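# Architecture at a glance
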Amino acid sequence: MSETRYPSMIIMGVQGSGKSTIGKALAERLNIDFVDGDDLHPPANKAKMAAGTPLTDEDRVPWLKTIGQTIADGRAAGRVTIVACSALKRWYRELLRSSDQELVFVHLSGEQGLLADRLAHRDHEFMPTTLLTSQLETLEPLADWERGIVISVEQTPAAIVDEVTRILIGRAAGRPVEPGPGAALTGAIDLPRA
């Protein structure tokens, strides 16, 4: 049975930040569902990105709505969902939040050089490394009022999962847990007590 005391989450950031890796590991640790947002792209979006063409806002809206519906459907069925999704612009996040007002964003943040190095060592089905620069230019960091955790990808995936878990478990228990080095909180992540 899926754990329900945690919020649904978007693991966000540019390509190479480790969204899928962290999302899967965090979902396993917290006993909640994981969905890779890349799997929800329509074929036309995948083809466009595979050709090295950045998606437009018009391309992204149906995809974002599908992600939001996936989160809402999970909640309606009594499940919590983590989705790996770039969520680069604030209004994208607002659209996602319209599906679940308690949605929390975990922003995996890193310097371009580190991200480029990671991308040089992986092969993605439809995301060529040439899209990194356009994604970094598009990225709007979490605002102070957005419910989120910003965490540096200079840490290991295990350390990132440990830190996010520590924060969420503390907040679910009603404790004012503060983020450790390499992490910061935005907005109010106040969860129902376990």
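See the structure above.
This write-up is about the structure you can find in this document. Since this is a predicted model, take the numbers as computed values, not measurements. (Residues numbered from 1 in each chain as written. Predicted model: local features only at pLDDT ≥ 70, side-chain atom pairs only at ≥ 80, totals over all residues. Heavy atoms only, no water.)

What follows deals with the sheet that holds strand S1 (residues 9-12). Hydrogen bonds between backbone atoms are what pair the strands of a sheet, whose relative direction is either parallel or antiparallel. If you trace the six strands from one edge of the open sheet to the other, you get S2-S3-S1-S4-S5-S6, paired in mixed fashion. Where the open sheet ends on each side, the last strands, each with one partner, are strand S2 (33-36) and strand S6 (183-186). With direction set aside, neighbouring strand axes in the sheet form an average angle of 20°. For strand S5 (residues 148-152) and S6, the ladder comprises four bridges, and the chain directions are antiparallel. (Pairing = 2+ DSSP bridges. Helix = DSSP H or I, 4+ residues; strand = E, 2+ residues; numbered from the N terminus. Axes fitted to C-alpha atoms, helices over the stretch in contact; angles between N-to-C directions.)

This part covers the side chain of Thr165. Following the sequence through the fold, Thr165 ends up in helix H7 (residues 157-172). Note on Thr165: relative accessible area 5%, which makes it buried. Sequence-distant contacts of Thr165, that is, excluding residues within four places in its chain, are made with Leu26, Arg29 and Leu30. (Buried < 20%, exposed > 50% of the residue type's maximum accessible area, 1.4 Å probe, protein only. Contact = heavy atoms within 4.5 Å.)

Taken as a whole and judged by the stated rule, the model has eleven salt bridges. Across the salt bridge formed by Asp33 and Arg79, the nearest N and O atoms sit 2.6 Å from each other. Within this pair, whereas Asp33 is found in strand S2, its partner Arg79 is found in the loop between helix H3 (57-76) and strand S3 (81-84), the two being separated by 46 residues in sequence. Of the residues examined, Asp33 reaches a relative accessible area of 25% and is grouped as partly exposed. Take Arg79: its relative accessible area is 34%, and that puts it in the partly exposed class. Close ionic contact of Asp57 with Lys89 constitutes a salt bridge, the shortest N to O distance being 3.2 Å. Highlighted residues: Asp57 in helix H3 and Lys89 in the loop between S3 and helix H4 (90-97), separated in sequence by 32 residues. Here the salt bridges do not stand alone but share partners, grouping Arg90, Arg93, Glu94, Arg97 and Glu146 into one network. (Salt bridge = Lys/Arg side-chain N within 4 Å of Asp/Glu carboxyl O.)

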